[in-house]
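A closer look at the structure
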Amino acid sequence: MTERARTGTEHPVPSGESGGRKPTDGEPGGRKSDDREPAGRGRNEPAEGEPAESERAGPGNRAPGGGPEAAGQLSVDRASAGHPPALPGLTPAQLAERVARGEVNDVPVRSSRSAGEIVRANVFTRFNAIIGVLFAIILIVGPIQDGLFGFVIVANTGIGIVQELRAKRTLDKLAVIGEAQPTVRRDGTASRIPTSEVVLDDVIELGPGDKVVVDGEVGETDGLEIDESLLTGEADPVVKKPGDPVMSGSFVVAGGGAFIATKVGRQAYAAQLAEEASRFTLVHSELRTGISRILKYVTWMMIPTALGLILSHLLTLGLPGDAAIRRMVAGIVPMIPEGLVLLTSVAFAIGVIRLGRKQCLVQELPAIEGLARVDVVCLDKTGTLTEGGMDVCDLRILDGAGKSYADPATATDPATATATDTDTDTDRHSTDQPPTHEPDVRQVQSEPYVRQVLGALGDADPRPNASLQAVIDAYPADGSWRCTRSLPFSSARKYSGASFNDPDGESSTWLLGAPDVLLSPADPTLAETDDLNAQGLRVLLLARATRELDDPEVARDVRPTALVVLEQRLRPDAPDTLRYFGEQRVHAKVISGDNAVSVGAVAGKLGLPGADAPVDARQLPQLPADREALAAALDEGTVFGRVTPQQKREMVGALQSRGHTVAMTGDGVNDVLALKDADIGVSMGSGSEATRAVAQIVLLNNSFATLPSVVAEGRRVIGNITRVATLFLTKTVYSVLLAILVACWQIPYPYLPRHLTLLSTLTIGVPAFFLALAPNKERARPHFVRRVMRYAIPSGLITGLAAFATYLLARAYYTGPGSLAAETSAATLTLFLTALWVLAIIARPYTWWRIALVLTMAVAFLVVLATPWLQTFFDLRLVGTAMPWAAVAVALVASALLELTWRRIARRFPA
């Protein structure tokens, strides 16, 4: 039963005391019976942390007799300081007053950059500044067609802005869906409200997994333990007492309670956390880091190249100033792969939109890339491979229960123990003595009695986990048991408990938890639990404690009474998802706090290879001394049970130490530390606020089957950006080479800006846009810059040399007025055909639309050559037949060299 059926009248608190004994550091959070009622508290008042009596539901709301006299109480140390013992929350008048003063938590949850930031980020870039200056120069000295590159930049920038604004809208909507709402108590009524509506002095209730959304001071506690690791780095949870401060950004690990908001809005630490955790930003990624490095080198190469070209054309060749400037701009503009950064942003943004339609919230764009690079995914069984709900499928009364209830000093055999207790029971009724602490053995062994105990335990926890909820559903409380103390479930302890007064007035303390934690390794009951675990069933042990609930060693010397067998609901999509990871050579590791044999059985049902050899994490090497041994064990094993939250974190670190890129999935607060340390954290949307805050990816539909879509989207982005990066950088390489060769030969630069704008559009710009958004299932590989330059440098060199060879041949072939235009046209033809062949290689493997894309670009160039007004506009006119065919021949030789070079590189550096 919860506090709603507890009594605190047996042990009144002396006047002047705070009304509650604070647990020591060693206590797990239990409360003594004299903790339940502070001085001056009425019996009919609601328990602190619970709703008012009129709002309570369930069969255990009232004490025997149905009256409110037995309403449970919870101690509050703030009572002695003049605060009311109960915390009803703000009244409507107080709420209106604080809203009028602006004391509202009005910091918006930033799921994306603002529209102004998006425009500034896409417009005011270093490369746009360079292009803008060159464009302005062309507007002054040359015809508008030589400044077409400026309009291309405007178009690309516009695409980036539009796509990111669309992504912003999608993310904003999904962030609202994914945002958890705290439970706030106002005027005695608890309700869930948006975080932005919390005001100063609000009373906010807390339960396991809840996030502390604003700074405050604890007002009520019921075994409240808070994980402050995200703030302090300290992994151990902190037991909170009334009056203790709580910081936004921390999470409840166990227990419950309520706190009073003392800092809201921008004064609270939550404002900073929300800004960092949910920002739509292109943060560190290998793709973006590599591209930035390439662009930095290109920028430094531009300056000497520009000086060399302008001086060569002005001083050596004697060209007019405007002509020299146009040729210089033509040599500089193609060196800048300006579209690559924008195209990367567009690819990421469109990826986010696509995943958003599948109810997948990507909190950081590079998370798409990161998950595609993952080679180990650690799966938490509960909530990931199994659905949240469970069902009780069996209740087994233990034969040894009666023996365990006898006094250990006199219990030589079960018969003696039974007789002793029976005689005691007879004497008790005949002499009319007060009830003893121990119930009758036959009563304990009866299934109805055990059902009553389970019902009372379920009713004693106001925030049950999935296992306890199954017990509640199967064995509802009848309201006849009164809870005097409770110990909430903790993933570190792996058990919960409560102390009761039963209908006969007898006192008892019960624990419900993992059998292998509550029992000694030699206990014969474990053999039975192992058999059940091997069938994929979860087993809870109901045991009677011989110690007080607030004793740090309450789990020692317990008396086993019954086994509660639970059946987990497997996710129907889990087998296909695990099979997908196997096909993609991603190793799946199941890491769970449950029994290893049970976890292995569940994984086996889902078809996970290696599930037949589960590992008990308690037998694994310990850190920090044996990190290498732990990493080796993790590499070898597949299923790990009885893993503590700290061990999950250590496992992630050990795998990373071996060079693995690790993803961690989870939905419980015990997964927070591992999610935070993993390369990519994936949380279920129905999971705790803790996991959702630290995860980079949140599956709002709670479907494990969404993960392959995320991996596929990441691989699409990485593979396609690698493709188009090769196109862009090939152009950079041949542009630099042509500028150097022209300067060395002391001849005019062969192209005008309009020529290279046309070539860039047909061989890079338009094809790159389609290729960047195409399906791509290639596995992501590291060393982006090295792999791209491995192909771009030889491709650029061959393309540049072919174009320059044709230019030299044309200079020897054509003479007289207009020869430079004819030479440029021939060189442009070779450059286009060779660059088109680079595109054809990059477009592989061919599909109908890829072939159509390449052919369309070729036809578009032929249209330019065959249309008179386009010939004039682009200043392209092929003169004669010999030189154009020579240009085609040079392009064919260059294409053959490209094929041989790419194949040789592929053989030397296989994927």
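Calculation criteria
- Residues numbered from 1 in each chain as written.
- Predicted model: local features only at pLDDT ≥ 70, side-chain atom pairs only at ≥ 80, totals over all residues.
- Heavy atoms only, no water.
- Core = buried A, V, L, I, M, F, W, Y, C linked by side-chain atoms within 4.5 Å.
- Buried < 20%, exposed > 50% of the residue type's maximum accessible area, 1.4 Å probe, protein only.
- Helix = DSSP H or I, 4+ residues; strand = E, 2+ residues; numbered from the N terminus.
- Arc of directions from axis to C-beta.
- Contact = heavy atoms within 4.5 Å.
- Patch = residues over 30% accessible without salt bridge, like charges linked within 9 Å, V, L, I, M, F, W, Y side chains within 5 Å.
- Areas by Shrake-Rupley, 256 points an atom, 1.4 Å probe, with all protein chains shown as cover.
- Salt bridge = Lys/Arg side-chain N within 4 Å of Asp/Glu carboxyl O.
- 1 Å grid on protein atoms, 1.4 Å probe; cavity = no way out; pocket = protein on both sides within 12 Å on 5 of 7 lines; lining within 4 Å.
- Points joined across faces, edges and corners; volume = space filled by probe spheres on them.
- Pairing = 2+ DSSP bridges.
- Axes fitted to C-alpha atoms, helices over the stretch in contact; angles between N-to-C directions.
- Phe/Tyr/Trp six-rings, centres within 6.5 Å; stacked < 30°, edge-to-face > 60°.

Among soluble globular proteins, nonpolar side chains are generally buried collectively. Counting residues in each nonpolar core, the largest one holds 89 residues, and the members touching the most others are Val724, Tyr749, Tyr751 and Phe861. Core analysis: the next-biggest nonpolar cluster, separate from the first, contains 35 residues, Val377, Ala574, Leu606 and Val711 among them.

Okay, helix α20 (residues 627-636) next. Considered for burial, the residues of α20 that qualify are Leu630, Ala631 and Leu634. Seen along its axis, α20 keeps its buried residues to an arc of 100 degrees; they face one direction. Residues Glu628 and Glu636 are exposed on α20 and point more than 90 degrees away from its buried face. At its buried positions, α20 is contacted by β16 (587-591), β18 (639-641) and α21 (645-657).

A cluster of nonpolar side chains, contributed by Trp300, Ile303, Leu307, Leu311, Leu314 and Leu315, occupies part of the molecular surface with about 680 Å² of accessible area. Its place among the elements puts leucine 314 in helix α7 (residues 286-316). Classification of leucine 314 by relative accessible area gives partly exposed; the value is 36%.

Turning next to the layout of surface pockets. Gaps left between atoms show up when a probe the size of a water molecule is rolled over them. Approximately 1,200 Å³ is the volume attributed to the second largest pocket. Surrounding the second largest pocket, 45 residues form its lining, Ile718, Arg779, Ala780, Arg781 and Arg787 being those nearest its centre. If you list the elements that add at least two residues to the lining of the second largest pocket, you get α10 (366-372), α24 (707-745), α26 (784-813), α27 (819-842) and α30 (882-908). Here the element with the most residues in the lining of the second largest pocket is α24; it accounts for 6 residues.

A word on the pattern of salt bridges. Pairing of side chains with opposite charge becomes possible as their charged atoms draw close. Under the defined criterion, the tally for this structure stands at 26 salt bridges. When the shortest N-O distance is used, the salt bridge between aspartate 394 and arginine 396 registers 2.7 Å. One salt bridge connects arginine 844 with glutamate 899, and the closest N-O pair in it is separated by 2.4 Å. With arginine 844 in the loop between α27 and α28 (848-866) and glutamate 899 in helix α30, this pair connects stretches of sequence that are 55 residues apart. Overall, the relative accessible area of 12% leaves glutamate 899 in the buried class. Several salt bridges share partner residues, and in doing so they unite Asp516, Asp616, Arg618 and Arg642 into one network.

Strand order in this open sheet of 8 strands is β8-β21-β20-β19-β9-β16-β18-β17, and the pairing throughout is mixed. The two strands at the open ends of the sheet, each matched to only one other strand, are β8 (360-362) and β17 (615-616). Against the sheet, α21 contacts β9 (376-379), β16, β18 and β19 (662-666), and its axis sits at roughly 160 degrees relative to β19.

Under the criterion given, the structure shown has 12 aromatic pairs. Seen from their ring centres, phenylalanine 769 and phenylalanine 770 are 5.9 Å apart, and the 85 degrees between their planes marks the pair as edge-to-face. For phenylalanine 769, a relative accessible area of 27% corresponds to the partly exposed category. For the ring pair tyrosine 791 and tryptophan 902, a centre distance of 4.4 Å and an interplane angle of 40 degrees mean the geometry is tilted. With a gap of 111 residues between them, tyrosine 791 in helix α26 and tryptophan 902 in helix α30 connect regions that are remote in the sequence. No difference in accessibility class separates tyrosine 791 from tryptophan 902, as the two residues are buried. Linked through ring pairs, Tyr449, Trp481, Phe500 and Trp510 together constitute an aromatic cluster.

Our focus in this paragraph is unusual backbone geometry. Note that the residue after arginine 844, namely proline 845, is joined by a cis bond; omega there is -5 degrees. Within the secondary structure, proline 845 sits in the loop between α27 and α28. A positive phi is found at aspartate 875, a non-glycine position, where the angle reads about 55 degrees.

What follows deals with the pairing of strand β20 (residues 680-684). The element β20 is largely enclosed, with a buried count of 5 among its 5 residues. Relative to β20, β19 runs parallel, the two being bridged by 4 bridges. Directly across from alanine 663, in β20, lies its bridge partner isoleucine 680. Looking at chain direction, β20 and strand β21 (residues 697-699) are connected through 3 bridges and run parallel. Of the residues in β21, the one forming a bridge with methionine 684 is leucine 699.

Attention now goes to the pairing of β19. Extensive coverage of β19 is indicated by the burial of 5 of its 5 residues. Burial of β19 is two-sided: the residues Val662, Met664 and Gly666 facing one way and the residues Ala663 and Thr665 facing the other way are all buried. Both β9 and β19 contribute to a ladder of 3 bridges, which runs parallel. Looking across to β19, one finds that valine 377 is bridged to alanine 663.

On their own, these measurements won't tell you what the molecule is for.
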